[in-house]
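For reference, the chains in residue letters:
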Amino acid sequence: MFRRRTIILAFLFTAAFLAMAGRMWQLQVLKADYYRQMGQKRLHRLRQIPPARGRILDRRGRVLAEDVPNFELWLKPAYYKGSRRSSNITGYFPELGPDELISILKSTGNERELKSSLALGYLQQKDPLVARLAQILKNKDETIADARQRVAQAVLASLTSREDTELHSFTDSRLCFSEIPVKALIELEQLMADPHSEVYFSALSVRGGYKRNYPYGALMGHLTGYTGQLSQDEYRVLRGRWLDDGTLEDGEGKIVKNGKTFFSLAEGSDEFEMIQPRVIRRSGVQHRVKGYFANEIVGRGGVEQWYNDELRGRHVWRIEQMVKPEPGGPRVFVEAGVPRQAVNGSDITLTIDVDFQKKVTQIMDTELAKLSRLPEHQSALRRHKLTGFTGVAVVMDVRNGEIYALVSDPSFDPNALSTDFAKLLKDERKPLFNRAISGSYPPGSTLKPLVATAGLEEGKITEHTEFNCPGVLTLGQREYVCMNRHVHGDITVVDALKVSCNVYFYHLGETIGGKLLVSWLSALGLGRESGIDLPGEASGHLPAKAFTGIRWSLGETYHLAIGQGAIDATPLQMATAYAALANGGDLLRPHVRYDPADPELNTPRSKMRISPAVTKVVDEGMWKVIQWDEYPRGTAVKFAKIDGFEYMGKTGSAQKSKRDTHAWLCALAPYKKPEIVVAVLVPFGNHGGNSCGAIVRRIVEAYFNLNDRERERETDKQDGGGLG
Amino acid sequence: MSWSEKILRTHWFVLLLTLAIVGIGLYYLKSADAGFFFRQIRWLVLGFTAMAVCYLIDYRWLLRQAYLLYAGAFSLLVVVLMLPAKRGAQSWIEVPGTGFNIQPSEVMKLCIILVLARNLMTRDNQATIRGLIAPFLLLFAPLALILKQPDLGTGILFPPLLFAMVYASGARLWHLLSVMAAGVCALPVMWLEVMKEYQKNRVRAFLNPEIYSAREAYQLIQSLIAIGSGGLYGMGWGEGSQNALDLLPDKHTDFIFGVIAEEGGFVMSATMLGLYWLFAISGLHISRNTSEPGGKLIAVGVSVIIGFQALVNSGVVSAVLPTTGITLPFISYGGSSMIVSFCMVGLLLNVSSAKGAILTRPKFTGEVPV
């Protein structure tokens, strides 16, 4: 019995071992290909290689924005989400936002699981860098900036010490799934009170990338704009998918034919470029992801946004294979197969001259600071809780619409946007707001040359037509006054421009008629976008033509004729309108991209005929505004006049409300054959000539290199002078 | 019997089998991790020494000391539960000054064979339920402590060991089957009351590897890939990508079979299984040819432990069984396991070459020695 039992045990063992060998046969012979493929799939991955974004250059080739090589820390959150998604190793979609991460980590069950996870210990033990980063990021006393700096140092030190590893994709890759930038996590760190938050960093990787650098910082902030990552919402809309018949289905199921866009990042660009549709598999269905990828960097504001399609370049998908350069070292991914390069973005050259832009900005800064110190401006500043005046200066070539300088003071530094953002939002002066193109203001008396041109061109008045100005015009029970009820007596158009006589223009407006006046102003570009190649342009306001027929009173025509009431314009629109006066009626398309060959940019939007005779009369009036130094003086003579250089312009003191007046001065220089238009606005600056005169003068001097003649005037003699 | 006489009577086949397993194991351990290869050689030296000791001393003396050894091992199991946990389990006692960690459950593996042999050889009532009480108590008391640590990998060997030994010493089959049935009935209770969450997850992952592929089943899937990509002839030594890229966790310890299968292919994995099978069969053969009941039972115990451990380990690695944390005898890196395995070989050789008085009662129902 004993002997037989031993034999029975032997048979049992034999059977068990045979079964085990059978299992091995099944795995290693029958299913060998399946597992080999599965293994290969896991050793390879597709990675998106970002292109370097194109540079932005000024008209002399100086770099305004460029991509500089940079290392990025990335985290793979799929690990934390666990299970289901992770089998899809080629998924790069950051569907797990920081909020989800927080909630996952806060649910205690998972937290404990994460803490005890073998992977964490394994990685921290295997990879000193991960451990070090965890240490750095765990330190709660540090500010974000400090932490970032130290992280960067640690990463760099680590990378330079491993020469042969492929820097682009140094990664532990134990679980390489979707990734979100660790930047978000550093902020997330602040939210977490949990001292064990190093768990985040068990799936870190470091990769090469680019950082956008703006060498001139705030000087060009409004022009260049900045860049940022595609948000998850945007991405949801932008990814869409291509159907077999070539139509595109967006996230909401809308179908757009022939690959035409349903969404464009940059306003005005109506083509959506599809780049390398990539096939991914999810739950058995084939999706083609078009154009934009998750995490893609896109332009926000300025040229970065407007010309995003040209600047962004093309990503490529690279096939990478996991290797281990040295035993015991980190695993890295290196490129497998045919090398593929991302196509870098194209450069964009601007019409801006950095030196000139810098000069204009300096002029604005110093003059606005001077104004802000003057006692008569204190109540206005206090009323609007401003620490100092804001200001706009637009300098444009009247012959082709090239913008030489576009300053909206204060500006912001795109390099430091992420750190300064809260501060910028809190600033009452709204540094992020580009007043030059997005701010609508009543143009006030700067409109008068346009009205005068309309009157003369339509034949309603001549050079010699006189209207009597008793200082006030009464219509029904309302009084329409000249500035300070100044009595100008019988006055012609030239002198009316010189002293900015309101009553003259009330009469002129009445003579022209509201409807015709509006159509003239509209033809000069008011009430519609100027078409500048920058996003966020305001269209200003002009009463609609239909509206003029219905409830339009004469009083409203009066107001309109002096640039008040139902009219708003951006400084850029005023510059464009003045340019049209100067070039004989061409309404140019103002632009910041330097490309003389581009018909889109360089062809006038519309052409009117303004006869030289009319121009001569209006020019004389505007010349007197700046140059006429005998009583009654031109309204801008006091601060704007340059000895030995003649130019012309028109002031505006546009009433925003009873107490608030915006100061304007639009100038054309030189007098005989204008080259540039300078439009300057100081919101709440009160008197146009006084507040903007010096700014315009110095800009003109800077442009024509009149520096040797530049002189400082006493700023304590503020009273007197002309009328606005 | 002098030592030289004993050595001449050595069961060379078992010794060669062991050396073959050890040699192949070392070869692939070097591929898996060269650092551990050299440290393993240190353990092998200690293991051979332990084997020599267990071989050369009279195993009957050991049987006489069985209860004492058992008590010692048991107290170690108690002590280890009072120490703080390391790596999530209270399984190791650090020997002060050496840095060497003793694993009391491994020690108990050895002692339980001796004590069961000692207990069963001296009685003849194994065919009754009453006769089963003592061996069951002897086994389940330490088993409870081992499961408490928790060390499921070692613990899982104990019940088969008990069943094989009491069966070999004359227990009725239907008794044992009833007990097994009762054990199966107790499984839901185990699931609800005894098993820890991570152990449950291992079972869940085992049942649904795709869903748990991120964490629990990660190792399983990597292991399956390693085995499967080995194919018939293997990818060659040092060429396995799962191995070279460190994608297979614990590849130098519990999952070394994955490395062998990947680099040696089906040829090598079947060879390894064959070697373990030969070892177990040889052990049972030694038992069959030994007339002395104590030696018979020791041989059965050693065969069952080594054979079953190899089976469970390869079963885990090939995803036939849930992950338990069990080493592959003679191959996996680790001191306690290695030394204890070699002690067992020493005992087996000892039994096979022993010759002498029979230490039993005359009434013993086993076959009457000649």
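What you are looking at is a predicted structure, and each value in this text was computed from that prediction instead of being measured.

(A) Expanded view of the overall build of chain A. Along the backbone of chain A there are 28 helices and 26 strands. Evaluated residue by residue, chain A yields a buried proportion of 56% over its 724 residues. Pairs at least 24 apart in sequence give 73% of the contacts found in chain A among residues at least 6 apart. Accessible surface for chain A amounts to roughly 30,400 Å². Of this, 51% is attributable to carbon and sulfur atoms.

(B) Highlighting the overall build of chain B. The helix and strand tally for chain B stands at 17 helices and two strands. With 370 residues in all, chain B has 56% of them scored as buried. For chain B, restricting intrachain contacts to residue pairs at least 6 apart in sequence, the fraction spanning at least 24 positions comes to 73%. Put simply, chain B shows about 14,600 Å² of open surface, and 69% of that area lies on carbon and sulfur atoms.

(C) Geometry of the sheet that holds strand β25 (residues 661-669) of chain A. Residue and element names in this part refer to chain A. With respect to topology, five strands assemble into an open sheet ordered β17-β16-β26-β25-β24, the strand pairing being antiparallel. The sheet is open, and its two borders are formed by β17 (403-409) and β24 (648-655), each paired with just one other strand. Adjacent strand axes in the sheet meet at a mean angle of 10°, parallel and antiparallel pairs treated alike. Pairing analysis gives seven bridges linking β25 to strand β26 (residues 676-682), with the strands arranged antiparallel. Each residue of the ladder has a partner; that of A667, found in β26, is V678. The strands touched by helix α24 (residues 571-582) within the sheet are β16 (391-397), β17, β24, β25 and β26, with β16 carrying the most contacts at an inclination of about 30°.

(D) Highlighting the pattern of salt bridges. Residues and elements named next belong to chain A. Summed over all chains, the structure comprises 25 salt bridges over all chains. In this structure, the salt-bridge partner of E304 is R53, at a minimum N-O distance of 2.8 Å. Of this pair, E304 sits in helix α12 (residues 302-306) while R53 is found in the loop between β1 (44-49) and β2 (56-57), placing the two residues 251 residues apart along the sequence. By sharing partners, the salt bridges in this structure join D58, R60, R62, D353 and D355 into a single network.

(E) Broad picture of the packing of aromatic side chains. All chains considered together, the criterion is met by 26 aromatic pairs over all chains. Here the aromatic rings of Y34 of chain A and Y35 of chain A are separated by 4.9 Å at their centres, their planes lie at 75°, and the arrangement is edge-to-face. Taking relative accessible area as the criterion, Y35 of chain A reaches 6% and is therefore assigned buried. Ring centres of F136 of chain B and F140 of chain B lie 5.7 Å apart, and the angle between their planes is 25°; on these two criteria the pair is classed as stacked. A residue pair is termed a helical-turn pair when its members lie 3 or 4 positions apart in one helix, as F136 of chain B and F140 of chain B do in helix α7 (residues 129-148) at four residues. Overall, the relative accessible area of 15% leaves F136 of chain B in the buried class.

(F) Geometry of the pairing of β16 of chain A. Residues and elements named next belong to chain A. Here β16 lies mainly inside the structure; seven of its seven residues are buried. Going residue by residue along β16, you find G391, A393, V395 and D397 tucked away on one face and V392, V394 and M396 tucked away on the opposite face as well. Pairing geometry for β16 and β17, over six bridges, is antiparallel. Residue A393 lies in a different strand from β17, and its bridge partner there is V407. Where β16 hands over to β17, the hairpin turn is made up of five residues, of which G401 adopts a positive phi near 85°. Two strands pair when backbone bridges link them, and β16 and β26 are joined in this way by six bridges, in the antiparallel orientation. Its bridge partner being in β26, A393 is matched across the sheet by V680.

(G) Representation of helix α17 (residues 335-353) of chain B in the model. For α17 of chain B, with 19 residues, the first-to-last C-alpha span of 27 Å sits near the 27 Å given by 1.5 Å per residue. When you tally the buried positions in α17 of chain B, you get 18 out of 19 residues, the bulk of the element.

(H) Structural detail: the nonpolar core. Grouped together as the largest cluster of nonpolar side chains are 123 residues, with contacts concentrated most on I112, M272 and Y276 of chain B. For this core, the leading source of residues is helix α15 (residues 256-289) of chain B, giving 15 residues. The residues touching M272 of chain B, leaving out its near neighbours within four places in the chain, are I21, I24, F257, I260 and I331 of chain B. Counting residues in hydrophobic clusters, the runner-up holds 93 residues, among them L534, Y578, A582 and W664 of chain A.

(I) Molecular detail of the environment of E600 of chain A. Residues and elements named next belong to chain A. Examined against the element boundaries, E600 turns out to sit in helix α25 (residues 599-602). A C-alpha to C-alpha distance of 8.5 Å links E600 and R589, two positions eleven residues apart in sequence. Among the polar contacts listed, one links the side chain of E600 to the side chain of R589, at a separation of 3.2 Å.

(J) Region of the structure containing the environment of I286 of chain B. Residues and elements named next belong to chain B. Tracing the backbone through its elements, the reader meets I286 in helix α15. Relative accessible area serves as the criterion here: at 4%, I286 is assigned to the buried category. Here the alpha-carbon distance between I286 and I298, two residues twelve residues apart in the chain, equals 9.9 Å. The residues contacting I286, other than those within four sequence positions of it, are H11, V14, A299, L348, V351 and S352.

(K) Representation of the environment of V203 of chain B. All names here are of chain B. Along the chain, V203 falls in helix α12 (residues 197-207). Between the alpha carbons of V203 and P322 there is a distance of 5.4 Å; along the sequence they are 119 residues apart. Among all residues touching V203, those that are not within four sequence positions of it are W191, M195 and P322.

(L) Geometry of unusual backbone geometry. Of note, the amide linkage connecting Y631 of chain A to P632 of chain A takes the cis form, showing an omega dihedral of -5°. Tracing the backbone through its elements, the reader meets P632 of chain A in the loop between α26 (612-627) and α27 (637-640). Omega for the bond connecting Q149 of chain B with P150 of chain B falls within 30 degrees of zero, at 0°, which places this linkage in the cis form. Located in the positive-phi region is K385 of chain A, a residue other than glycine, with phi close to 55°. Structurally, K385 of chain A can be placed in the loop between α15 (378-383) and β16.

(M) Quick look at the packing of helix α16 (residues 293-317) of chain B against α17 of chain B. Residues and elements named next belong to chain B. Contact geometry of α16 with α17 gives a least axis separation of 9 Å together with a crossing angle of 145°. Seen along the crossing, α16 lies across α17 with a hand that is left-handed. Mapping the contact onto sequence places G295, I298, A299, V302, I305 and I306 in α16 and S341, M344, L347, L348 and V351 in α17.

(N) Representation of a nonpolar patch on the surface. All names here are of chain B. A surface patch of nonpolar side chains, about 620 Å² in accessible area, is lined by W3, I7, W12, L16, L19 and F48. Secondary-structure elements contributing two or more residues to the nonpolar patch are α1 (3-8) and α2 (12-32). Per element, the largest residue contribution to the nonpolar patch is three residues, and it comes from α2.

(O) Inspection of the packing of helix α13 (residues 218-230) of chain B against α15 of chain B at higher detail. Residue and element names in this part refer to chain B. It is the contact of α13 with α15, at a shortest axis distance of 6 Å, that shows an interaxial angle of 25°. In terms of orientation, α13 and α15 fall into the roughly parallel class. Taken as a pair, α13 and α15 cross one another with a handedness that is left-handed. Residues A226, I227, S229 and G230 of α13 touch α15, and the partners they reach there are G258, A261, E262 and G265. For the contact of α13 with α15, a count of residues per class yields three nonpolar, four polar and one charged.

(P) Structural view of the side chain of S530 of chain A. Residues and elements named next belong to chain A. Within the secondary structure, S530 sits in the loop between α21 (514-523) and α22 (545-550). Engagement of the side chain of S530 in a polar contact is seen with the side chain of E537, the distance being 2.6 Å. Every residue in contact with S530, bar those within four places of it in the chain, is listed here: E537, L572, T576, R589, P590 and R605.

(Q) The confidence of the model for chain B, seen in detail. Averaged over every residue, the pLDDT of chain B is 86; residues scoring 70 or more account for 93%. Per-residue pLDDT stays below 50 along residues 357-365 of chain B; that stretch engages in 19 contacts with residues further than four places along the chain or on separate chains.

(R) Layout of the confidence of the model for chain A. Residues and elements named next belong to chain A. Taken as a whole, chain A shows an average pLDDT of 73; of its residues, 64% reach a score of 70 or greater. For the stretch residues 240-290, pLDDT sits under 50, and the model shows 117 contacts to residues farther than four places along the chain or on other chains. Counted against residues more than four places away or in other chains, residues 708-724, with its pLDDT under 50, gives 50 contacts.

What counts and how
- For every chain, the first residue of the written sequence is number 1, and numbering continues from 1 along that sequence.
- All chains are assigned letters beginning at A, and all ligands numbers beginning at 1, according to the order in which they are written.
- Owing to the predicted nature of the model, reporting of local features is limited to residues with pLDDT of at least 70; listing and counting of side-chain atom pairs is limited to 80 or more, with chain, interface and lining totals taken over all residues.
- Where side-chain values are given, they derive from all heavy atoms of the structure, hydrogens and water being excluded.
- Numbering of helices and strands starts at the N terminus; helices are DSSP runs of H or I of at least 4 residues and strands are runs of E of at least 2.
- Working definition: with a 1.4 Å probe on protein chains only, accessible area under 20% of the residue-type maximum means buried, over 50% means exposed, and in between means partly exposed.
- The criterion used for residue contact is that any of the two residues' heavy atoms lie within 4.5 Å.
- Calculation of accessible area relied on Shrake-Rupley with a 1.4 Å probe; when residues are assessed, cover is drawn exclusively from the protein chains displayed.
- Two strands pair under a simple rule: DSSP has to find at least two bridges between them.
- With axes taken as lines fitted to C-alpha atoms, and helix axes fitted only over the stretch in contact, angles between N-to-C directions fall between 0 and 180 degrees.
- Salt bridges are identified by distance alone: a Lys or Arg side-chain nitrogen within 4 Å of an Asp or Glu carboxyl oxygen.
- Planes of paired rings set the category: under 30 degrees apart is stacked, over 60 is edge-to-face and the rest tilted, where pairs are Phe, Tyr or Trp rings (Trp by its six-membered ring) whose centres lie within 6.5 Å.
- Under the convention used throughout, the expected extent of a helix is 1.5 Å for every residue step, that is, one less than its residue count.
- Think of a nonpolar core as a cluster: buried Ala, Val, Leu, Ile, Met, Phe, Trp, Tyr and Cys residues, connected wherever their side-chain atoms sit within 4.5 Å.
- Pairing of N or O atoms within 3.5 Å defines a polar contact, subject to two protein rules: one partner must be a possible hydrogen donor and the other a possible acceptor, and residues neighboring in sequence count only if both atoms are side-chain atoms.
- Handedness of a helix crossing follows the sense of rotation of the near helix relative to the far helix, less than a right angle counterclockwise being left-handed and clockwise being right-handed.
- Each patch is assembled from residues with relative accessible area greater than 30% and no salt bridge, linking like charges that lie within 9 Å and nonpolar side chains (Val, Leu, Ile, Met, Phe, Trp, Tyr) that lie within 5 Å.
- Every angle not falling under 35 degrees, over 145, or within 65 to 115 is termed oblique; those three ranges are roughly parallel, roughly antiparallel and roughly perpendicular.
- Asp, Glu, Lys and Arg are counted as charged, while Ala, Val, Leu, Ile, Met, Phe, Trp, Tyr, Cys and Pro are counted as nonpolar; the rest, among them Gly, fall into the polar class.
- Values of pLDDT, ranging from 0 to 100, describe the predictor's confidence in every residue of the model.

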